[in-house]
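# Examination of the molecular architecture
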Amino acid sequence: EDLVGALNELRLQINGATRSTPGVNAPLAADNGVRTLARTVGALVGGAVAGSTLRMSDLGIATARDGTLTLDNARLAAALAVDPVAVKTLLGVGTPVPTGLGATLQSLKFAMTGNVGVLAQSKAIYTRASTAIVRDRERLDTDMATMTARLTTSFTAMDRQVAVVKASQAYLTQQVAMWTVQR
């Protein structure tokens, strides 16, 4: 049950990060590493496990329509009654070196998170993108400050020119008013 619960929790996390809804894109919907992880974990149920004659499905573990795993306890009990050694071998229980599912999960972990694993590659892509975004944002902040300074200088000069024009207008208005009174 712990294994099924852990795999369902992993599936839930993957679904939350990859399932988009109308108008809202999931953060990792297009991430190849996460999609590969989801496919690989999904294939564990029906696929052969190295070093074992059984499959997880032989123990009563099945994939439901929503992608979660279910455990048929009666089928697990029957498999344990028929061949407990094969079940232990499949699960990798009681061995000093990981075998069966334990070895498969360990190699999956390395394939996903190792230096050249798909999740490590995804992380590197997102790290580079994040660095580029920070750099672009800093450049944009600098450009905005430069533009603000330039526009402030231009508007200040224009303000001075408007003040000169208004002063000239006031003087001319006063002069015209004086000429009109004198006539």
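All values reported here derive from a predicted model rather than from experimental measurement.

If you check which residues of helix H4 (residues 84-91) are buried, you get Ala86, Val87 and Leu90. The buried residues of H4 occupy an angular sector of 100° when projected down its axis, which confines them to one face. Those residues of H4 that are buried are in contact with helix H3 (73-82) and helix H5 (100-113). Glycine 92 sits one or two residues past H4 and shows a positive phi near 75°.

Formed by 23 residues in total, the largest nonpolar core has its most connected members in Leu37, Leu54, Met56, Leu59, Ile61 and Leu69. Among the elements of the structure, helix H1 (2-18), helix H2 (32-44), H4 and H5 are those that each provide at least two residues to this core. Element by element, the count of residues in this core is highest for H2, at 5 residues. With residues up to four places along the chain from it excluded, the contact list for leucine 59 reads Leu54, Leu71, Asp72, Arg75, Leu76, Ala79, Val87, Leu90 and Leu91.

This structure, assessed with the given rule, holds 1 salt bridge. The closest approach of N and O atoms between arginine 139 and aspartate 136, which form a salt bridge, is 2.4 Å. Here arginine 139 pairs with aspartate 136, and both are found in helix H6 (residues 118-182), just 3 residues apart, close to one helical turn. Classification of arginine 139 as partly exposed rests on a relative accessible area of 46%. A relative accessible area of 37% places aspartate 136 in the partly exposed class.

Before going further, it helps to examine the side chain of asparagine 8. Residue placement: asparagine 8 occurs in helix H1. When its relative accessible area of 18% is taken as the criterion, asparagine 8 is described as buried. A polar contact is formed between the side chain of asparagine 8 and the backbone nitrogen of leucine 69, at a distance of 2.5 Å. The contact partners of asparagine 8, leaving out residues within four places of it in the chain, are Thr68 and Leu69.

This next bit is on the side chain of arginine 11. In this structure, arginine 11 sits in helix H1. Judged by its relative accessible area of 18%, arginine 11 falls in the buried class. For arginine 11, the contacting residues outside a window of four places in its chain are Ala38, Gly42 and Gly67.

So, about H1. The end-to-end C-alpha distance of H1 is 24 Å, a good match for the 24 Å that 17 residues give at a rise of 1.5 Å each. Residues of H1 that are buried include every one of Val4, Leu7, Asn8, Arg11, Ile14, Asn15 and Ala17, and no others.

Rules and cut-offs
Residues numbered from 1 in each chain as written. Predicted model: local features only at pLDDT ≥ 70, side-chain atom pairs only at ≥ 80, totals over all residues. Heavy atoms only, no water. Buried < 20%, exposed > 50% of the residue type's maximum accessible area, 1.4 Å probe, protein only. Helix = DSSP H or I, 4+ residues; strand = E, 2+ residues; numbered from the N terminus. Arc of directions from axis to C-beta. Contact = heavy atoms within 4.5 Å. Core = buried A, V, L, I, M, F, W, Y, C linked by side-chain atoms within 4.5 Å. Salt bridge = Lys/Arg side-chain N within 4 Å of Asp/Glu carboxyl O. Polar contact = N/O pair within 3.5 Å; in protein donor to acceptor, adjacent residues only side chain to side chain. Expected span 1.5 Å × (residues − 1).

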